[in-house]
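Listed here are the chains, written in short residue letters.
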Amino acid sequence: MFDLAKQDIKYLPGVGPQRAKLLNDELQIFTYQDLLYTFPYKHIDRSRLYAVRELTTDMPYVQLKGRILSFETEGEGRKRRIVAHFTDGYGVVDLVWFNGLKYIISAYKVQTEYIVFGRPSAFNGRINIVHPDIEPADGLRLNTLGLRPYYTTTEKMKRKGVNSRTLENLTTALLQKIDFPIPETLPEYLVGELCLMSLDTALRTVHYPQKAEELKRAQYRLKFEELLYVQLGILRYAKERLKKYRGYVFSVVGDLFRTFYASRLPFELTAAQKRVIREIRHDMGSGRQMNRLLQGDVGSGKTLVALMSMLIALDNGFQACIVAPTEILAEQHYATFLKMLGDMPVRTELLTGTVKGRRRREVLEGLENGTVQILVGTHAVLEDNVVFRRLGMVVIDEQHRFGVAQRAKMWRKSIQPPHVLVMTATPIPRTLAMTVYGDLDVSVIDELPPGRKPVRTIHRFENKPAELYQLMQHEINAGRQVYVVYPLIKESEKIDIQNLEKGYEQLCRDFPHLRISRVHGKMKSIEKDEEMQRFVSGETQILVATTVIEVGVNVPNATVMVIENAERFGLAQLHQLRGRVGRGGDQSYCILVTKYQLAADTRKRMQIMTETNDGFEIAEADMKLRGPGDLEGTQQSGVAFDLKIADIVRDGQILQMARIIAERILEDDPHCAKIDNEILWKRLRQIQQKNVNWSSIS
Ligand code: ADP
Ligand code: MG
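Residues numbered from 1 in each chain as written. Chains lettered and ligands numbered in written order. Predicted model: local features only at pLDDT ≥ 70, side-chain atom pairs only at ≥ 80, totals over all residues. Heavy atoms only, no water.

### Remarks on the overall build of the protein
Thought 1: When helices and strands are tallied, the protein shows 24 helices and 22 strands.
Thought 2: Principal axes of the C-alpha set define a box for the protein whose edges measure 85 × 75 × 45 Å.
Thought 3: Considering only intrachain contacts with a sequence separation of at least 6, the fraction spanning at least 24 residues in the protein is 73%.
Thought 4: If the 97 positive side-chain charges of the protein are averaged to one point and the 85 negative ones to another, these points end up 2 Å apart. (Helix = DSSP H or I, 4+ residues; strand = E, 2+ residues; numbered from the N terminus. Contact = heavy atoms within 4.5 Å. Lys, Arg positive; Asp, Glu negative; His and termini not counted. Charge placed at Lys NZ, Arg CZ, Asp CG, Glu CD.)

### Things to note about the site of ligand 1
Thought 1: Taken together, 16 residues sit near ligand 1, with Gln 273, Gly 299, Lys 302, Thr 303 and Arg 452 positioned nearest.
Thought 2: At 2.9 Å from a nitrogen atom of ligand 1 is found a main-chain nitrogen or oxygen belonging to Glu 268.
Thought 3: Here an oxygen atom of ligand 1 sits 2.6 Å away from a polar atom, N or O, in the main chain of Gly 299.
Thought 4: Look at ligand 1: alone it shows 570 Å² of surface, and the protein chains cover 84% of it.
Thought 5: A class-by-class count of the residues in the shell around ligand 1 yields four nonpolar, seven polar and five charged. (Near = heavy atom within 4 Å. Polar contact = N/O pair within 3.5 Å; in protein donor to acceptor, adjacent residues only side chain to side chain. Areas by Shrake-Rupley, 256 points an atom, 1.4 Å probe, with all protein chains shown as cover. Nonpolar A, V, L, I, M, F, W, Y, C, P; charged D, E, K, R; others polar.)

### Re the pattern of salt bridges
Thought 1: Under the counting rule described, the total for this entry stands at 34 salt bridges.
Thought 2: Salt-bridge contacts for Glu 135 lead to Arg 148; the nearest nitrogen and oxygen are separated by 3.2 Å. Linking Glu 135 in strand E8 (residues 133–136) with Arg 148 in strand E9 (residues 147–150), this pair joins segments that are 13 residues apart in sequence. There is no split in this pair, since Glu 135 and Arg 148 are both buried.
Thought 3: The partner of Glu 168 in a salt bridge is Arg 165, and the shortest N-O contact between them spans 3.2 Å. Remark: Arg 165 and Glu 168 occur in helix H6 (residues 164–177); sequence separation between them is three residues, near one turn of the helix.
Thought 4: The exposure class of Arg 165 is buried, given its relative accessible area of 17%.
Thought 5: Taken together, the salt bridges that share partners define one network made up of Asp 133, Glu 135, Arg 148, Arg 165 and Glu 168. (Salt bridge = Lys/Arg side-chain N within 4 Å of Asp/Glu carboxyl O. Buried < 20%, exposed > 50% of the residue type's maximum accessible area, 1.4 Å probe, protein only.)

### Here we look at the sheet that holds strand E10 (residues 291–296)
Thought 1: Reading across from one edge, E12-E13-E11-E14-E15-E10-E16 is the order of the seven strands in this open sheet, with parallel pairing throughout. The strands lining the two open edges of the sheet, one partner per strand, are strand E12 (348–351) and strand E16 (441–445). Ignoring strand direction, the axes of neighbouring strands in this sheet form an average angle of 20°.
Thought 2: One ladder, built from four bridges, connects strand E11 (residues 319–323) with strand E13 (residues 374–377); its direction is parallel. Residue pairing in the sheet places Val 323 in a bridge with Gly 377 of E13.
Thought 3: Each of E10, strand E14 (391–397), strand E15 (419–424) and E16 touches helix H11 (residues 271–285); the most contacted strand, E16, lies at about 160° to it.
Thought 4: Across the face of the sheet, helix H12 (residues 302–315) comes into contact with E10, E11, E13, E14, E15 and E16 while running at roughly 155° to E11. (Pairing = 2+ DSSP bridges. Axes fitted to C-alpha atoms, helices over the stretch in contact; angles between N-to-C directions.)

### Comments concerning the nonpolar core
Thought 1: In terms of nonpolar packing, the biggest core is built from 65 residues, with Phe 260, Leu 341, Ile 374 and Met 393 touching the most fellow members.
Thought 2: Looking at which element gives the most residues to this core, the answer is H12, with ten residues.
Thought 3: Not counting chain neighbours up to four residues away, the residues in contact with Leu 341 comprise Phe 260, Arg 264, Leu 307, Leu 311, Val 346, Thr 348 and Ile 374. (Core = buried A, V, L, I, M, F, W, Y, C linked by side-chain atoms within 4.5 Å.)

### Thoughts on helix H14 (residues 357–369)
Thought 1: Taking 1.5 Å per residue as the helical rise, H14 with its 13 residues ought to reach 18 Å, and the 19 Å between its terminal C-alpha atoms agrees with that figure.
Thought 2: Along H14, the residues classified as buried are Arg 360, Val 363, Leu 364, Gly 366 and Leu 367. The buried residues of H14 all sit within an arc of 160° when viewed along its axis, so they share a single face. Exposed and oriented more than 90 degrees from the buried face of H14 are Arg 358, Arg 361, Glu 365 and Glu 368. (Expected span 1.5 Å × (residues − 1). Arc of directions from axis to C-beta.)

### Here we look at the packing of helix H9 (residues 212–244) against helix H23 (residues 652–668)
Between two packed helices, the angle of one axis relative to the other and the distance separating the axes together describe the packing.
Thought 1: It is the contact of H9 with H23, at a shortest axis distance of 8 Å, that shows an interaxial angle of 50°. Judged by the inter-axis angle, H9 sits oblique to H23. In this structure, H9 crosses over H23, and the sense of that crossing is right-handed. Between H9 and H23, the contacting residues are Tyr 220, Lys 223, Phe 224, Leu 227, Leu 228, Gln 231, Leu 232, Leu 235, Arg 236 and Lys 239 on the first element and Ile 654, Leu 655, Met 657, Ala 658, Arg 659, Ile 661, Ala 662, Glu 663, Ile 665 and Leu 666 on the second.
Thought 2: Classifying every residue of the contact of H9 with H23 by side-chain character gives 14 nonpolar, one polar and five charged. (Parallel < 35°, antiparallel > 145°, perpendicular 65-115°, else oblique. Left-handed = near helix turned anticlockwise from the far one by under 90°.)

### Here we look at the sheet that holds strand E17 (residues 456–461)
Thought 1: Here we have six strands laid out as an open sheet, ordered E17-E22-E21-E18-E20-E19, and parallel in their pairing. The sheet terminates laterally at E17 and strand E19 (516–519), the two strands that pair on one side only. Sheet twist, expressed as the mean angle between neighbouring strand axes with direction ignored, is 20°.
Thought 2: Pairing geometry for E17 and strand E22 (residues 589–594), over six bridges, is parallel. Of the residues in E22, the one forming a bridge with Phe 461 is Thr 594.
Thought 3: Lying on the sheet, helix H18 (residues 493–510) is in contact with strand E18 (481–485), E19 and strand E20 (542–545); it crosses E19 at an angle near 175°.

Here it is in C-alpha cells:
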C-alpha cells in the first residue's frame with residue numbers, strides 16, 4: 001500500500017515528464033490522488049449503435065458504425081471545412097471539421113470501418129455531425145463497453161494529443177495499480193448509517209460503472225462527502241467568528257423608530273417586511289454581530305427595511321451607513337430618505353465621488369464628530385479618510401457589485417465590526433446561498449406590496465414594430481412613461497452605442513411630439529444624471545438607455561419596458577430590467593424585442609420570461625441554463641469552492657443532508673475531539689490547507 005497523495009503522476013506508466021507537465025499545468029493533476037479525483041464529466045452508453053436514418057437534431061449523442069465514402073473541402077477562409085460523407089450502408093450523413101483539416105485527411109481513410117460518435121446538428125436543412133470522435137471499428141466489443149467515461153481536456157492538451165481517451169487509459173492503468181482498498185475518508189458510523197458506498201468502491205465505480213444505478217450511488221457518496229466537508233468548514237468557521245467578534249447590542253427600540261413607524265410611514269408594511277425587520281431587530285439585540293443577507297425581488301420594498309433598521313442603530317446612539325453600487329442609486333436613496341424622514345431630527349448626508357470641496361469636508365467632519373447619523377454613499381465611503389465616530393450598522397445594497405474585501409474594509413471603520421445587512425434582488429437560490437454564504441443568515445421578502453399587478457411580458461420580433469409603437473403611444477397618452485433599453489458590452493461598445501443612437505433618432509422621428517431622454521455609459525456623469533433626472537421628474541416621456549438603469553432606479557410612473565436585442569441579455573438581467581416597471585398600481589408591460597432567428601436556449605429564455613414573474617424561479621432556470629459558475633453574484637462573493645463532483649443546482653437535497661449531518665456532528669463533538677470523528681477533522685484540515693483560506697471570508 002502506498003500513499004496516493006504522495007505519488008508523483010509522472011511515474012504512472014504512460015505519463016512521463018512531458019505529459020506530467022501538461023497534466024500539472026492544464027488540469028492541476030500532480031499526484032495519483034489528483035488523477036483519481038479527476039472525475040468524468042459524463043458517461044455515455046456506448047453499447048448501442050444508431051442507424052443514420054434514425055438521426056434527429058434532438059438527440060444528445062449518437063454512435064454510428066460505417067465507412068467514409070469521400071472527403072471534400074468546402075468554403076473559404078474562416079469557413080473552410082472538411083466534409084466527409086459517411087454511410088452505414090443505408091443512409092448518408094456528413095461529418096464536418098473546421099479545425100485540424102490536414103490531420104483529418106491523413107488520419108482517416110475511406111472505405112475503412114469506423115465507429116463515429118457525436119452530436120447531430122442541422123446545417124442548411126441537412127443533418128451533420130461536427131467534430132465527431134472516430135475510432136477504428138475492429139476490436140471494439142460494444143456489449144462490454146458499458147458506460148464510457150468522458151473527461152474534460154483543454155485545447156492545449158488536445159493539440160499535444162492528450163484527449164479524453166488518453167485520460168481514460170491513464171485512469172485504467174492507475175486503478176489496476178492500486179491493488180489495495182483505498183482508505184476510507186468518512187467515519188465508519190456515517191458510512192453505515194447513511195448506507196453509503198465505501199470510498200474504494202465509489203472511486204472505482206465513478207470512473208467505470210457498469211450500470212447507471214451504480215454510477216448514481218458512487219456519485220452520491222462522493223458528492224455527499226464533498227458537501228459535508230464544505231459545510232463542516234463553514235459551520236466551524238462561523239462558530240469561531242461568533243466567539244471572536246461580539247456585536248454591539250442594540251437593546252432599545254427608541255423614539256426614531258417608533259415615530260417613523262407611527263407617523264411617517266406612507267403605507268402599511270407588508271407582512272414580509274415586518275417579519276424581516278423583526279429578524280433584524282432580533283439579531284442586533286442578540287449580542288452577536290449580525291451578518292444577514294436580505295433577498296427580495298425587485299420592487300419588494302427593501303429600501304424601507306434598510307431605513308428602519310438604520311433607525312434602530314440611531315436610537316441606540318450609533319451611526320449607520322448605506323452603500324449603493326452607483327451614484328444614481330445613491331442619490332435616489334438619499335432623496336428617498338430625506339422625503340421619508342421629513343422633519344424628523346435625523347442628519348442624513350450623501351457621499352459620492354461627485355461630492356467635493358467644502359461640501360465633502362463638512363460631511364467628513366460630521367461623520368467624525370458623530371453629527372451625521374445616516375450616510376448614503378457609493379464605494380467612496382470606503383476610502384480611508386472616511387472616518388466614523390460610532391458606526392453601528394452598514395447596509396450594502398445590491399451586493400453583487402460588492403465583494404468580501406470591501407465588506408472587510410467597512411469592518412475596520414469601527415472598533416467592533418458593525419452589524420451588516422447585505423441586500424440583493426438577485427435571487428440566489430437557497431441551495432446556493434447556503435453554500436456560498438453558509439455563515440450568513442438569510443432573510444427573504446417573498447411578497448410584493450399590495451395592489452401591484454404582475455408585469456405582462458410579451459416577446460416580439462424586431463421586424464414588426466407597429467404594434468409596439470401603438471402600445472407605447474397608448475401608455476404615453478395615458479400619462480405614463482416608457483423605458484427603451486439597449487444592450488451594451490465592452491467588446492462591441494462602439495456599435496452598441498451607434499445602435500442606441502439610431503434607435504433614439506428613429507424614436508424622435510416616429511414620435512416628434514414627445515420628449516425623449518437618452519443615457520448611456522459613455523456620457524459624462526453629470527450629463528447622465530441630468531438626463532436621468534429629466535425622466536425621473538416626468539419631464540421626458542421616453543428614456544432610451546443602456547443598462548445603466550439596470551440596478552435600482554425607481555420611477556413608479558413608468559409602465560412600459562422595451563428591451564431591444566433582448567437575445568443578448570441573460571435571464572437575471574432581463575428580470576432586473578423588467579423590475580423597473582410595475583412599481584405603481586397600473587398594469588405594466590415588458591416587451592422583449594429580438595430578431596426572428598433565435599438559438600434554442602435564447603428562445604427558452606424568452607419563454608421563461610413570458611411565463612413567470614417569479615425571481616426565484618428565474619434564478620433557478622438561469623442556473624440550469626448557464627451553470628452556477630456564471631451566476632451573477634457568485635463571482636465576487638470571494639468564496640471559491642473547488643467542487644469537483646457536486647453541483648449545487650442539481651444536488652440541493654444532498655446539500656441539505658450534508659448540512660444537517662454537519663450540524664449534528666458539530667453539536668455532538670463541539671471540540672472536535674471524539675475518536676470516532678478523528679478521520680473527519682484530519683481530512684478537513686487537509687482540505688482546508690489545500691483549498692480555501694477560511695479566515696479571509698467574512
Ligand atoms: P427594492 O426592493 O427593489 O429596492 P424599493 O425599496 O425601491 O424596492 O421599493 C419599491 C417601491 O415600493 C417604492 O416606491 C416604495 O416606496 C414602495 N413600497 C415599499 N414598501 C411598500 C409597502 N409596504 N406598501 C406599498 N408600497 C411600498
Ligand atoms: Mg433597491
